[in-house]
Amino acid sequence: MTHRRFLRLAVSLSILAATLVSQAAHGGANRLIQPKLFDLLDTAEVAMNQGNVNKALAYSDLLLLNNTITYSIDTGAVAPDQRDEPAHAVRESVATWEEALGYEVQFEEVSKGGNVRIAFADSVRLMGKDIAGHAVWSRQVFDWGYGNYTPRVSGEIKVRTLTPEGSPMSEAAWQHTIGHEIGHMLGLWDSPRVGDMMGPINLKHPVTRPTESEVTALQDIRAEALQITQACLALPRR
């Protein structure tokens, strides 16, 4: 590993194949979007075509993230007198994504719990490799029967406090890492290009804002989900 850059994990052949299949099904859809979002879109569309409006709305709401996403910050692994900077980096990253998406997606910080937990540790490793951060997320619709559906987003983001060489991460590097992992939770795929928010991190030149293409990718699929929502609202409920 170089001093300037973290290595990102290569995309497995199975995930790459799933991405290509999903793109083909959607007419060569934007490669920056994760297949999971297209799956949600397909489920919403099928439910709408079957006349199951409540289910279609739940899945389109889940894709649009219409409910406020609550998050908590865990700096327990950071020295008490050094916790303000990583917490500030989280809030700046959240605010950046809110602004980039025209405040159509809303986040709210809570003291404990929430939909998303953002935790810091001295190091973060995945499959034996040092990485800047890692996100695990889930979007689910719970079917309670009788036409009742509840969308729910959950996830956990882990962020390292020290570089692989043992020096402290800068606040800008934290913003890149946190912004990158939030981008995954919003539905973006890794980019191979240094200079993208979703690309590898260069510790000397971190990226603190998503690129226009990254924002556009999310806006485009959100527009498709919104079309389903609007069509559903014109249909009778059952």
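Report on the accompanying structure.

Quick notes on the rules
- Residues numbered from 1 in each chain as written.
- Predicted model: local features only at pLDDT ≥ 70, side-chain atom pairs only at ≥ 80, totals over all residues.
- Heavy atoms only, no water.
- Pairing = 2+ DSSP bridges.
- Helix = DSSP H or I, 4+ residues; strand = E, 2+ residues; numbered from the N terminus.
- Buried < 20%, exposed > 50% of the residue type's maximum accessible area, 1.4 Å probe, protein only.
- Right-handed = clockwise from strand over helix to strand, strands pointing away.
- Salt bridge = Lys/Arg side-chain N within 4 Å of Asp/Glu carboxyl O.
- Patch = residues over 30% accessible without salt bridge, like charges linked within 9 Å, V, L, I, M, F, W, Y side chains within 5 Å.
- Areas by Shrake-Rupley, 256 points an atom, 1.4 Å probe, with all protein chains shown as cover.
- Lys, Arg positive; Asp, Glu negative; His and termini not counted.
- Charge placed at Lys NZ, Arg CZ, Asp CG, Glu CD.
- Core = buried A, V, L, I, M, F, W, Y, C linked by side-chain atoms within 4.5 Å.
- Contact = heavy atoms within 4.5 Å.
- 1 Å grid on protein atoms, 1.4 Å probe; cavity = no way out; pocket = protein on both sides within 12 Å on 5 of 7 lines; lining within 4 Å.
- Points joined across faces, edges and corners; volume = space filled by probe spheres on them.
- Nonpolar A, V, L, I, M, F, W, Y, C, P; charged D, E, K, R; others polar.

### Observations concerning the pairing of strand E7 (residues 148-160)
Logical step 1: Pairing geometry for strand E3 (residues 116-121) and E7, over six bridges, is parallel. Bridge pairing in E7 links Ala121 to Arg160.
Logical step 2: Examined bridge by bridge, strand E6 (residues 133-145) and E7 share 12 bridges and lie antiparallel to one another. Pairing of Phe142 across the sheet is with Thr150, part of E7.
Logical step 3: What sits between E6 and E7 in their antiparallel hairpin is a turn of two residues, with Tyr146 showing a positive phi close to 55 degrees.

### Quick word on the pairing of strand E1 (residues 69-74)
Logical step 1: Most of E1 sits inside the fold, with five of its six residues counted as buried.
Logical step 2: Across three bridges, E1 lies against strand E2 (residues 107-109) in parallel orientation. Counted as the bridge partner of Ile69 is Phe107 from E2.
Logical step 3: Handedness of the crossover joining E1 and E2 through helix H4 (residues 84-100) is recorded here as right-handed.
Logical step 4: Summarising the sheet, E1 and E3 pair through four bridges and their orientation is parallel.

### So, the pattern of salt bridges
Logical step 1: Summed over the entire model, instances satisfying the criterion amount to eight salt bridges.
Logical step 2: The partner of Asp74 in a salt bridge is Arg117, with the nearest N and O atoms 2.6 Å apart. On the criterion of sequence distance, the pair formed by Asp74 in strand E1 and Arg117 in strand E3 is long-range, its members being 43 residues apart.
Logical step 3: Relative accessible area serves as the criterion here: at 27%, Asp74 is assigned to the partly exposed category.
Logical step 4: For Arg117, a relative accessible area of 33% puts it in the partly exposed group.
Logical step 5: Counted as one network, the salt bridges with shared partners bring together Asp74, Arg117 and Glu156.

### Section: a negative patch on the surface
Logical step 1: Negative charge collects at one region of the surface, where Asp39, Asp42, Glu45, Asp220 and Glu224 lie side by side.
Logical step 2: For the negative patch, the secondary structure elements donating two or more residues are helix H2 (35-49) and helix H6 (212-233).
Logical step 3: When residues in the negative patch are grouped by element, the largest group, three residues, is from H2.
Logical step 4: Mapping Glu45 onto the fold places it in helix H2.
Logical step 5: Taking relative accessible area as the criterion, Glu45 reaches 38% and is therefore assigned partly exposed.

### Topic: the nonpolar core
Logical step 1: Within the largest apolar cluster, 61 residues are counted, with the highest numbers of intra-cluster contacts made by Trp97, Phe120 and Leu186.
Logical step 2: If one sorts the elements of this core by residue count, helix H3 (residues 53-64) sits on top with eight residues.
Logical step 3: Discounting residues that sit within four places of it in the chain, Phe120 has contacts with Ile73, Asp74, Thr75, Ala77, Val78, Pro86, Val90, Val159, Thr161, Trp174 and Ile178.

### Digging into empty space enclosed by the protein
Logical step 1: A complete count under the given rule lists three cavities of 30 Å³ or more for this structure.
Logical step 2: Roughly 90 Å³ of volume is contained in the largest cavity.
Logical step 3: What lines the largest cavity is simply Leu65, Ile69, Tyr71, Phe107, Val116, Ile118, Val153, Ile157, Ile182, Met185 and Leu186.
Logical step 4: By residue number, the principal contributor to the lining of the largest cavity is helix H5 (residues 171-186), which donates three residues.
Logical step 5: When its residues are assigned to classes, the lining of the largest cavity shows 11 nonpolar, no polar and no charged.
Logical step 6: Lining the second largest cavity, in full, are Leu37, Leu63, Leu65, Leu101, Val105, Leu186, Leu218, Ile221 and Arg222.
Logical step 7: By residue number, the principal contributor to the lining of the second largest cavity is H6, which donates three residues.
Logical step 8: For the lining of the second largest cavity, the class distribution of residues is eight nonpolar, no polar and one charged.

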